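# Observations on the three-dimensional arrangement
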Amino acid sequence: MKLGYFVSKKIDQLTKKADSAMQCGEYLKAIAYYKKIIEILPEPKEQWEAFEWSVVSIADTYYIIEDYNKAELYFNKIINTAVNPFIFLRYGQTQYYLNKIEVAKEYLKKAYELEGEEIFKQDDPCFLKLAIESSKATNKIKENDDGFENLFRLPLDYQYLEKEYMSLQYLWKPIDWDEIYNQYNLFFEKIPEELYSNSISFLCASAILESAINLGKTEVFEKWLNVIERLSQNRKDVEVVEIWKGICELYKGNKEEALKFFRLAEERGTDRILKHFRHFGNDIYDFYLKNI
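Because the structure is a prediction, the values reported are computed rather than measured.

Cut-off values and rules
- Residues numbered from 1 in each chain as written.
- Predicted model: local features only at pLDDT ≥ 70, side-chain atom pairs only at ≥ 80, totals over all residues.
- Heavy atoms only, no water.
- Helix = DSSP H or I, 4+ residues; strand = E, 2+ residues; numbered from the N terminus.
- Rg over C-alpha atoms; globule rule 2.2 N^0.38 Å.
- Buried < 20%, exposed > 50% of the residue type's maximum accessible area, 1.4 Å probe, protein only.
- Contact = heavy atoms within 4.5 Å.
- Lys, Arg positive; Asp, Glu negative; His and termini not counted.
- Charge placed at Lys NZ, Arg CZ, Asp CG, Glu CD.
- Polar contact = N/O pair within 3.5 Å; in protein donor to acceptor, adjacent residues only side chain to side chain.
- Core = buried A, V, L, I, M, F, W, Y, C linked by side-chain atoms within 4.5 Å.
- Phe/Tyr/Trp six-rings, centres within 6.5 Å; stacked < 30°, edge-to-face > 60°.
- Lys NZ or Arg CZ within 6 Å of the ring centre and 35° of its normal.
- Axes fitted to C-alpha atoms, helices over the stretch in contact; angles between N-to-C directions.
- Parallel < 35°, antiparallel > 145°, perpendicular 65-115°, else oblique.
- Left-handed = near helix turned anticlockwise from the far one by under 90°.
- Nonpolar A, V, L, I, M, F, W, Y, C, P; charged D, E, K, R; others polar.
- Arc of directions from axis to C-beta.

### Points about the overall build of the protein
Counting its regular elements, the protein contains 14 helices and zero strands. Taken from N to C terminus, the helices and strands of the protein fall in the order α-α-α-α-α-α-α-α-α-α-α-α-α-α. Its C-alpha radius of gyration of 19 Å places the protein within 12% of the 19 Å reference for a compact globule of 292 residues. Seen along its three principal axes, the alpha-carbon backbone of the protein occupies a region of about 50 × 50 × 35 Å. The buried share of the protein, taken over its 292 residues, is 48%. Within the protein, contacts between residues at least 6 apart in sequence are counted, and of these 54% link residues at least 24 apart. Separation of charge centres in the protein, based on 40 positive and 49 negative side chains, amounts to 4 Å.

Have a look at this one:
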């Protein structure tokens, strides 16, 4: 389901104003714009992708200005349905500053196990330390009691796949693109077609394509783009497909084609999704801003 034309256009306008306010350090003004976006969303507001990223933007901005109580208030609106590692990171950091250390460890650990050390690069080293300590403690418990979280809500017969998927996280700390490409390819072959609608399939394919891009394997770009496009059919963030297409064109040296796909991504969602995309950091967003 898509938002109406006029609502989408209004959201685009408010988003640009919020981004401009953020760049100028006018944080409360930015928050007001994000709140306005939530106001104009049709009910039930929670069904729209714009609701989550607007709430996260508000919470993140409150975090930036060190109003941790309000940051927590807004994060709590979406944390139970969140899957984005950045949300787990910020929520964990917020809990840390509110002296809720055990909760902080839980969410910092989630961010670490999904994205590795890379996501902590620009933050105080204490957060990475807490995440690693928490992850090691959890793994030690699991060795003793074979605990299982079922993060991907897999059917009983396929829950073994989550353990195997999570066991690949060591490849991201530090990043080993060759091994990521090889091991995730092997893992993807084990995923039955009936699980293609599950996020584990999409995340696996995304890891393969990202590693292929970083290794310069242009000959497999089209194959994995087609796979990701197929896997994204039932996802809300369909604009991610356009971003992947744009990145592939950019890495092949086709800047105009890349910009075309990035514009499509913005039209389908928002340019905010170009920020901090996977392990490309802000490179994609910076390229887009310089060339639009």
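### Quick notes on the side chain of Thr94
Tracing the backbone shows Thr94 in helix 5 (residues 85–97). From its side chain, Thr94 meets the backbone oxygen of Arg90 in a polar contact 2.8 Å long.

### Here we look at unusual backbone geometry
Following Glu43, the chain continues into Pro44 via a peptide bond in cis, with omega recorded as -10 degrees. Mapping Pro44 onto the fold places it in the loop between helix 2 (27–40) and helix 3 (49–64). Despite not being glycine, Glu66 has its phi angle at roughly 65 degrees, a positive value. Following the sequence through the fold, Glu66 ends up in the loop between helix 3 and helix 4 (68–75). Its identity is not glycine, yet Asn99 carries a phi of approximately 65 degrees, on the positive side. By secondary structure assignment, the location of Asn99 is in the loop between helix 5 and helix 6 (101–115).

### Some words on the nonpolar core
Membership of the largest hydrophobic core comes to 51 residues, with the highest contact counts inside it found for Tyr184, Phe188, Leu209, Trp244, Ile247 and Phe262. Excluding residues that lie within four positions of it along the chain, Phe262 makes contacts with Ile243, Gly246, Ile247, Leu274, Ile284, Phe287 and Tyr288. Ile11, Ile58, Ile87 and Ile119 belong to the second largest nonpolar core, which has 42 residues in total.

### Some details on the packing of aromatic side chains
Applying the stated criterion across every chain, the model contains 19 aromatic pairs. Between the aromatic rings of Phe262 and Phe287, the centroid separation amounts to 6.1 Å while the plane-to-plane angle is 75 degrees, which identifies the pairing as edge-to-face. Of the two residues, Phe262 is situated in helix 13 (residues 255–268) and Phe287 in helix 14 (residues 283–291); the sequence distance between them amounts to 25 residues. Taken together, the ring pairs in this structure connect Tyr63, Tyr68, Tyr96, Tyr97 and Phe127 into an aromatic cluster. The ring of Tyr74 has Lys77 sitting right over it, with the charged end atom 5.4 Å from the ring centre. Between Lys217 and the ring centre of Tyr181, over which it is positioned, the NZ or CZ distance is 5.0 Å.

### Looking at the packing of helix 5 against helix 6
A pair of packed helices is characterised by two quantities: the angle between their axes and the separation of those axes. Between helix 5 and helix 6, the least distance of the axes is 7 Å, while the angle of their chain directions is 155 degrees. Considering the angle they form, helix 5 stands roughly antiparallel to helix 6. At the point where helix 5 passes helix 6, the crossing takes the left-handed sense. Along the contact surface, helix 5 presents Pro85, Phe88, Leu89, Tyr91, Gly92, Gln93, Gln95 and Tyr96, while helix 6 presents Ile101, Val103, Ala104, Tyr107, Leu108, Lys110, Ala111, Leu114 and Glu115. Of the residues assigned to the contact of helix 5 with helix 6, the class counts are twelve nonpolar, three polar and two charged.

### Regarding helix 11 (residues 221–231)
Three or four residues apart is the spacing at which side chains of an α-helix point the same way, because the helix has 3.6 residues per turn. Every buried residue of helix 11 is listed here: Phe221, Trp224, Leu225, Val227, Ile228 and Leu231. Around the axis of helix 11, the buried residues are gathered within 160 degrees of arc, so they sit on the same side. Residues of helix 11 that are exposed and point over 90 degrees away from its buried face: Glu222 and Lys223. Elements in contact with the buried residues of helix 11: helix 9 (177–190), helix 10 (199–215) and helix 12 (239–251).

### A look at the environment of Leu231
With respect to the helices, strands and loops of the structure, Leu231 is situated in helix 11. The spacing of Leu231 and Phe127 is 104 residues in sequence and 33 Å in space, taken between C-alpha atoms. If we ignore the near neighbours within four places in the chain, the residues touching Leu231 are Phe188, Tyr196, Ser201, Phe202 and Ala205.

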